[in-house]
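Fold and contact review
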Amino acid sequence: MKNRYIASFEAAQIATKVIPQFRAGDTVKLGVEIKEGEKVRIQLFEGIVIARSGNGVDSTFTVRKIGANSIGVERIFPLYSDSLKSIDVLRRGRVRRAKLHFLRELKGKAARIKELKR
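Let us look at the structure shown here. The shown structure was predicted, so the numbers you read here are calculated from the model rather than taken from an experiment.

Both strand S1 (residues 27-36) and strand S2 (residues 39-53) contribute to a ladder of ten bridges, which runs antiparallel. Looking across to S2, one finds that Leu-30 is bridged to Phe-45. Pairing of S1 with strand S5 (residues 84-91) involves six bridges; the strand directions are antiparallel. Residue Val-28 lies in a different strand from S5, and its bridge partner there is Val-89.

Overall, the coordinates contain three aromatic pairs when judged by the stated rule. Note on Phe-22 and Phe-61: the rings are 5.0 Å apart at their centroids and 70° apart in plane angle, and the pair reads as edge-to-face. Separated by 39 residues along the polypeptide, Phe-22 in the loop between helix H1 (4-16) and S1 and Phe-61 in strand S3 (residues 60-66) bring together distant segments of the chain. Comparing Phe-22 with Phe-61 shows no difference in burial state: the two are buried. Grouping aromatic residues by their ring pairs yields a cluster made of Phe-22, Phe-45, Phe-61 and Phe-77. The ring centre of Phe-22 lies 4.5 Å from the NZ or CZ of Arg-52, which sits over that ring.

About the thresholds
Residues numbered from 1 in each chain as written. Predicted model: local features only at pLDDT ≥ 70, side-chain atom pairs only at ≥ 80, totals over all residues. Heavy atoms only, no water. Pairing = 2+ DSSP bridges. Helix = DSSP H or I, 4+ residues; strand = E, 2+ residues; numbered from the N terminus. Phe/Tyr/Trp six-rings, centres within 6.5 Å; stacked < 30°, edge-to-face > 60°. Buried < 20%, exposed > 50% of the residue type's maximum accessible area, 1.4 Å probe, protein only. Lys NZ or Arg CZ within 6 Å of the ring centre and 35° of its normal.

Following this line, the structure appears as structure tokens:
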């Protein structure tokens, strides 16, 4: 049972941010705000959503991309973070699982996910 003040604060945070519908298997492009000294810039991070967890303000999602020299890079983003400026869904993936951690062992063409036809 949450304190009513905390619950109202969390509800206000959720109401201010617009989040598109996405799930595991989708390819997303994220705009992440990076602060370097006094400068602020937005860096793009594009990859496949391999997991979503939590609910409400505490919800997070994990994005995996293949970086330089075929090295996998995973980042966990809080869904309602102030540093997360934009979420664009590029492709919808056709998957049968909620957590796609098996992609960590796959390489190259084996790590592809089919696109969902609508």
